[in-house]
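Summary of the model geometry
This is what each chain is made of:
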Amino acid sequence: MSERIAVCPGSFDPVTLGHVDIIQRASAIFDKVIVLVSINPTKEPMFSPEERVEMIKTVTKNLDNVEVEASEGLLADFVKSKGATAIVKGLRAVSDFEYEFQMALANKKLCPEAETIFLVTRSENMYLSSSVVKQIAYFGGDISDFVPAEIKERIAARLTGLGRETINAKE
């Protein structure tokens, strides 16, 4: 039997406990999971692709079958290039499903050999997103319950500092 490879794509700006949960659960299902930091040239992320890859590597170091890469371009092309047969996405709410369903149909058209697998988030992560983390950290709030402990200080330092500089510039 051939190796079952899945790609778990996202912006991960920054990676949250919700992301880590989906990655861990996918790693229990597939032989290999490639976490793909997707680079969207139309967005300005808080962390560089290299920083996001490094943070994900740090929080998944105990998962032997997880690799982390960054790529710009179509997800379907990346999936094909890796010989993956699945795309794993986490869903928090019905609103996520509408968008993700459209993306799954487009990816199926572009890469018929790969199925999109949706993993429903755990209830404690339903509200959690990178945007929520950024907003809390921006105003100096405690993000301990939202991001892995190993990278909390790194995230807080970047985002809290940004918030203070922006606030001070307005005074």
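The structure we're discussing is the one just above.
Rules and cut-offs
- Residues numbered from 1 in each chain as written.
- Predicted model: local features only at pLDDT ≥ 70, side-chain atom pairs only at ≥ 80, totals over all residues.
- Heavy atoms only, no water.
- Salt bridge = Lys/Arg side-chain N within 4 Å of Asp/Glu carboxyl O.
- Helix = DSSP H or I, 4+ residues; strand = E, 2+ residues; numbered from the N terminus.
- Buried < 20%, exposed > 50% of the residue type's maximum accessible area, 1.4 Å probe, protein only.

Let's shift gears to the pattern of salt bridges. In total, this model carries 11 salt bridges according to the counting rule given. We note a salt bridge from Arg4 to Asp31, for which the minimum N-O separation is 3.4 Å. Here Arg4 is found in the segment before β1 (5-10), whereas its partner Asp31 is found in the loop between α1 (17-29) and β2 (32-39), with 27 residues between them in sequence. Using a relative accessible area of 33% as the deciding quantity, one classes Asp31 as partly exposed. Asp96 serves as the salt-bridge partner of Arg92, at 3.0 Å between the closest nitrogen and oxygen. Within this structure, Asp21, Arg25 and Arg122 form a network of salt bridges that share partners.

This part is about unusual backbone geometry. Across the junction of Asp13 and Pro14, the peptide omega takes the value 5°, indicating a cis bond. Positionally, Pro14 belongs in the loop between β1 and α1. The phi dihedral of Phe12 is positive, around 50°, even though this residue is not glycine. With a relative accessible area of 2%, Phe12 lands in the buried category.

In short, geometric facts, not functional conclusions.
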